[in-house]
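Understanding the architecture of this molecule
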Amino acid sequence: MEDEQTAPRRNFYGRVHGKTLRASQKDYLANDLEALRLRGVTHSENPERVVIDPIQVFGADRPLWLEVGFGGGEHLVHMASRYPEVSIIGAEPFVNGIAMLLGKIRLAGVQNLVIHPGDVRDLFDVLPEKSLSKVFLNYPDPWPKSRHHRRRFVTPGYLSLLARAMKPGAEFRVATDIPDYVRQTLEEVPQAGFELISQTGQGQAWADWISTRYEQKALREGRDPHYLTFRRHA
């Protein structure tokens, strides 16, 4: 349990557990997660909120990327495999998604990524300023009800922390199938210090994009993807 005197009062919304895990997924969590978990992020491990050193974490001075809410992990593993010269952090609190990612990592054998299995805001607390070169937000929880829009990632409480951690000129990619999420993204992200570079639709994703299980579900259900690219201001 976090130290109540050091942990900030943050409301966390969303699922942490889903369907019962398969035996293989339990094996991944029991045997693989600890080796891949980014240390020094939780308040119990780092109550003083000392900034972590990505060079020490990855053993090399390389571009640092982040995927916020990696879902089943297919995009994260794809990017790690395609770009072995970068270091990648995946942040996700959903245990079932973490288990799926661990299975994909074991199969792919990628060695340039680590996992924060929790609230990404805790990670932002301890990342060095201007350390991230690229950030991905793929099919985030839409929180469709109007009264829940403040829970979305594209709100000032998250975006101010994101902006602090990103280098000038760094790229922020957002993929979503929810038109109102696009609306809020276009309203909120520029106010946090970003410039819109491109906004495209189905069939016009990034050249290195891999369609995720959430995108395939959206297409089956008749919802069109939207791809937005922002650049962090200098």
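Our structure is the block above this text.
Scope of this entry: the structure provided in the associated data block. All of these numbers come straight from a predicted model, not from anything done at the bench. (Residues numbered from 1 in each chain as written. Predicted model: local features only at pLDDT ≥ 70, side-chain atom pairs only at ≥ 80, totals over all residues. Heavy atoms only, no water.)

Some thoughts on the overall build of the protein chain
A tally of helices and strands in the protein chain yields nine helices and seven strands. The C-alpha radius of gyration computed for the protein chain amounts to 17 Å, which stays within 12% of the reference 17 Å derived for 234 residues, consistent with globular compactness. C-alpha atoms of the protein chain, sized along the principal axes, occupy 40 × 40 × 40 Å. Expressed as a percentage of its 234 residues, the buried residues of the protein chain come to 50%. A separation threshold of at least 6 residues defines the contact pool for the protein chain, and within that pool the share at least 24 residues apart is 79%. Separation of charge centres in the protein chain, based on 31 positive and 29 negative side chains, amounts to 4 Å. (Helix = DSSP H or I, 4+ residues; strand = E, 2+ residues; numbered from the N terminus. Rg over C-alpha atoms; globule rule 2.2 N^0.38 Å. Buried < 20%, exposed > 50% of the residue type's maximum accessible area, 1.4 Å probe, protein only. Contact = heavy atoms within 4.5 Å. Lys, Arg positive; Asp, Glu negative; His and termini not counted. Charge placed at Lys NZ, Arg CZ, Asp CG, Glu CD.)

Overview of the nonpolar core
Residues L66, F124, F153 and F172 are the most contacted members of the largest nonpolar core, which totals 36 residues. Looking at which element gives the most residues to this core, the answer is helix α7 (residues 156–165), with six residues. When sequence neighbours within four positions are dropped, the list of residues in contact with F153 reads V68, V120, F124, L137, Y158, L159, L162, F172 and Y181. With 20 residues, the next largest nonpolar core counts L33, W65, V86 and I98 among its residues. (Core = buried A, V, L, I, M, F, W, Y, C linked by side-chain atoms within 4.5 Å.)

Structural notes on the packing of aromatic side chains
Scanning the entire structure with this criterion turns up nine aromatic pairs. For the ring pair W65 and F136, a centre distance of 5.8 Å and an interplane angle of 70° mean the geometry is edge-to-face. Taken together, the residues span a long stretch of sequence, with W65 in strand β1 (residues 64–68) and F136 in strand β4 (residues 132–138) at a distance of 71 residues. Ring-pair connections join several aromatic residues into one group, and the members of that group are F153, Y158, F172, F194 and F230. Seen from the ring of Y214, R213 lies directly overhead, with NZ or CZ sitting 5.3 Å from the centre. One Lys or Arg, R232, reaches over the ring of F194 and ends 5.6 Å from the middle of that ring. (Phe/Tyr/Trp six-rings, centres within 6.5 Å; stacked < 30°, edge-to-face > 60°. Lys NZ or Arg CZ within 6 Å of the ring centre and 35° of its normal.)

So, the sheet that holds strand β3 (residues 113–116)
Within the open sheet, the seven strands sit side by side as β3-β2-β1-β4-β5-β7-β6. Their pairing is mixed. If you trace the sheet from one side to the other, it starts and ends with β3 and β6 (194–201), each paired once. Averaged over all pairs of adjacent strands, the angle between their axes in this sheet comes to 15°, without regard to strand direction. On the sheet, helix α4 (residues 74–82) packs against β1, β2 (87–91), β3, β4 and β5 (166–176) and is oriented at approximately 175° with respect to β2. Lying on the sheet, helix α8 (residues 179–191) is in contact with β4, β5, β6 and β7 (226–232); it crosses β7 at an angle near 5°. (Pairing = 2+ DSSP bridges. Axes fitted to C-alpha atoms, helices over the stretch in contact; angles between N-to-C directions.)

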